[in-house]
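If you want the building blocks of each chain, they are given just below.
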Amino acid sequence: MTWWQAASPQLLGVVVLLLPGLVVGAALRLRGTALLGAAPLLTVTVLAGTGVAASLGGLPFGPLAAAAGTAASAVAAGTAGLLVTAATRRGPGGRAPADRPGQPREERTALAAAAGAAVAAVLAHLSVQRGLGRPDVVSQTFDATFHLNAVRWVLDTGDASPWSVARLTAPQGGGFYPSGWHAVTALVSTLGPSPVVAANVVVWVVAGVVWPLGCALLVRAVVGARPLLVASGAVLSQAFVALPWLVDRWGVLWPQALGTTLAAAVLGLAALAAGAGPVGAGDRARAALAAVAGAGGCALVHPGALLLLLPLLALLLLVSALPQALLPWRATPAQRAVAALALVGAAAAGAGLAVLWPRTASVRSADWPATRSVPRALWESLSLSPAGAGGSAAAAVLVAVGLVVAARRTGWRWLVAAHVLLVALDVLAAAVDAPLSQQLTGFWYNDRFRLAAAVPLTGVPLAVLGARALAGAAARAARRPVAGRLAAGALAAAVLAAAVPQVRGNGDQLGLTNARAAESPPLSLVDEAEQRFLEDLRRWVPPGDVVAGTPWDGSSSAYALSGVPVLYPHFRGNQPQDWAFLADHLQDAGVDPAVCPALERRGVRWVLDAGELWDPPLLAPAGYTAFRAFRGRPGFEPVAEGGGVTLYRITACR
């Protein structure tokens, strides 16, 4: 399949990730850049919440459930919007003159944000084409097997709740796995494309639509309704290899990437609510409500995204909003209300963290070893090239200048504090092997790549401030009547110089952990020939039958590719006793009388052997000793072969 042939799925992906959020945001009476930038965030919140609600109500998750969830959310948002409007009408004649200042300029800013996002979408598409090659290529990474199979699971069960998705690898129940990404991708797949194509389409939509729009909203909150600067923020989203291109270095960490990109919109909404700019009381309150709802959506996509947001929002509150709210002769009632809402939210988040703390012990105990010295890790973070990934030197210069500019203005200093915090966490994970480092970075698995992906959240608005400062300096140096036009041209040139050349680096980084691994057999889980055979598995395996195969040779991908259930849907999991027994004894079905009863209990009647085992860096095949060679063994009959894969029927248990 070519990307031209996947035009319909791509358009579908954009509609799925924008339309519900636009409907709900419009009902809440968000407007302009706030509505546009928050649309993907609200969409994910609605779809993830609908997945939970539909599961509790015993209803199937799909297009009808999504439409119903959107309608219900729009009603709730509309009611909240009316209450906010009524509560903020305090001006003469019952109007709030400051509630909608600069309407024409806000509309122009929103159009500029859309234009900037369109440019970013094109750049992201070029990167995705370079990195993936085809829209139907299987990602050759550890986590991809689980995530693709989880999308198929949602399609088969009609249940997109976190408890259902967790049962894929923990059939005995009791688990919880954030399922927001899977709900979105399954909805795209429900409407046409396969789980693999849907996942790759979502990769582009996240990089080229969700992330640029969130950046545009964040920049709007920082600099105000300035069309060229807001558009620059959207374009500069493509100048950072760390997000979303590097976050899947060992992944793919699709949910983490989506959650982190959505965090930009939450941060932008919170900054709008807490800012000192010319924003009306009603707009502040509506932005605060959308931020709270969006934070919940981030948690359902990946809790790490919410835990990343908490310190950033705290810094925003402490540096910008709280001082004004605590000075009654300076703060407005709306500012004090926002501060109170933020404090209540912080208390609720603290209580939730206390409840989750013992349940996240396994996550916090993860300890990826340090691979850098502190000076080298610091340089990589500041130069926007974490772990040696090809970063943009131009973007790094813009961020450095932006830090100086932001430090000189009170309303922007929270950006400096937040950026320093994110860089410090990145350096700790990359360079420090100590208990303190593990505790501070444990919620992100002490993983340098997850934390490096957070640096662009503050890097993008800082880069915009840096580009603005450099462009202004160039215009002042020229001292010509056309200085304004010269400044605009210099700004555009600086932004494009940082973003356009990075297309190659972003695409190469994406390719390292996805399609290009297929060029090296030891790094390939499922090459193109194997994929074609597995996609056709329904020709031989009847409905209801389960296929066994070691995940280490790519056999587990058969579920996502064909819909045929597999015994082992991922490399690891909390599986019942039969799973562990068969992993070591299945090939003895013809001689061990204990094997056939276990196979019958699990409905296993077929075995896949895809040959060479996958041996990626830092991982090694563990267990599954039964899956070595079935040809010539008693009780196994070869039925079909292709692409280096052999399908065996288990005849020992007839």
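Please read all numbers here as calculations on a predicted model, not as lab measurements.

Calculation notes
- Residues numbered from 1 in each chain as written.
- Predicted model: local features only at pLDDT ≥ 70, side-chain atom pairs only at ≥ 80, totals over all residues.
- Heavy atoms only, no water.
- Patch = residues over 30% accessible without salt bridge, like charges linked within 9 Å, V, L, I, M, F, W, Y side chains within 5 Å.
- Areas by Shrake-Rupley, 256 points an atom, 1.4 Å probe, with all protein chains shown as cover.
- Salt bridge = Lys/Arg side-chain N within 4 Å of Asp/Glu carboxyl O.
- Lys, Arg positive; Asp, Glu negative; His and termini not counted.
- Charge placed at Lys NZ, Arg CZ, Asp CG, Glu CD.
- Helix = DSSP H or I, 4+ residues; strand = E, 2+ residues; numbered from the N terminus.
- Buried < 20%, exposed > 50% of the residue type's maximum accessible area, 1.4 Å probe, protein only.
- Core = buried A, V, L, I, M, F, W, Y, C linked by side-chain atoms within 4.5 Å.
- Contact = heavy atoms within 4.5 Å.
- Pairing = 2+ DSSP bridges.
- Phe/Tyr/Trp six-rings, centres within 6.5 Å; stacked < 30°, edge-to-face > 60°.
- Axes fitted to C-alpha atoms, helices over the stretch in contact; angles between N-to-C directions.

I'd like a rundown of a positive patch on the surface, residues and numbers included.
Among the surface-exposed residues, Arg105, Arg108, Arg226, Arg409 and Arg468 lie close enough to one another that they form a single positively charged patch. Tracing the sequence through the fold places arginine 226 in the loop between helix H8 (195-223) and helix H9 (227-236). Look at arginine 226 and you get partly exposed, because its relative accessible area is 32%.

Tell me about the environment of glycine 280, residues and numbers included.
Within the secondary structure layout, glycine 280 lies in the loop between helix H10 (254-274) and helix H11 (281-301). Distance in space between the C-alpha atoms of glycine 280 and threonine 88 is 8.9 Å, their sequence separation being 192 residues.

Break down the nonpolar core for me, with residues and values.
Core analysis: the biggest nonpolar cluster contains 196 residues, and Trp414, Leu586, Val607, Leu608 and Phe627 have the highest contact counts within it. At 23 residues, H8 tops the list of elements feeding residues into this core. Setting aside anything within four residues of it in sequence, one finds leucine 586 in contact with Ala548, Val595, Leu599, Val607, Ala626, Phe627, Phe630 and Phe636.

Quick rundown of the pairing of strand E3 (residues 636-642)? Include the residues and the values.
Strand direction decides the pairing type here: E3 and strand E4 (residues 645-650), joined by six bridges, are antiparallel. From the neighbouring strand, alanine 640 faces E4, where its bridge partner is leucine 647. Hairpin remark: E3 followed by E4, antiparallel, with two residues in the connecting loop; positive phi at glycine 643, about 65 degrees.

Describe in detail the packing of aromatic side chains, supporting the description with residues and values.
On inspection of all chains with the given rule, the structure shows seven aromatic pairs. Note on tryptophan 552 and phenylalanine 571: the rings are 4.6 Å apart at their centroids and 65 degrees apart in plane angle, and the pair reads as edge-to-face. Taken together, the positions of tryptophan 552 in the loop between strand E1 (546-548) and helix H24 (558-562) and phenylalanine 571 in the loop between H24 and helix H25 (577-585) put the pair 19 residues apart, joining distant regions of the chain. As far as burial versus exposure is concerned, tryptophan 552 and phenylalanine 571 are alike and both buried.

Account for the pattern of salt bridges, naming residues and giving values.
With the rule as written, the count across this model stands at 21 salt bridges. A salt bridge links aspartate 447 to arginine 450, with the nearest nitrogen and oxygen atoms 3.2 Å apart. For the pair aspartate 447 and arginine 450, one class covers both residues: buried. Residues aspartate 578 and arginine 601 are paired through a salt bridge, measuring 2.9 Å at the closest nitrogen-oxygen approach. Here the residue aspartate 578 occupies a position in helix H25, and arginine 601 occupies one in helix H26 (residues 595-602), the gap between them amounting to 23 residues. Take aspartate 578: its relative accessible area is 10%, and that puts it in the buried class. Salt bridges here are not isolated pairs; linked through shared partners, they connect Arg134, Asp136, Glu528, Arg532 and Glu535.

How would you explain the sheet that holds E1 if you had to name every residue and give the values?
A sheet is described by the order of its strands in space; here four strands give the open sequence E1-E2-E4-E3, paired in mixed fashion. A strand with exactly one partner marks an edge of an open sheet, and here the two such strands are E1 and E3. Across the sheet, the mean angle separating the axes of adjacent strands is 30 degrees when strand polarity is ignored. With three bridges connecting them, E1 and strand E2 (residues 604-609) associate as parallel partners. Along E2, the bridge assignment pairs valine 546 with valine 604. The sheet contacts of helix H23 (residues 528-535) involve E2, E3 and E4, and relative to E4 the element is tilted by about 30 degrees.

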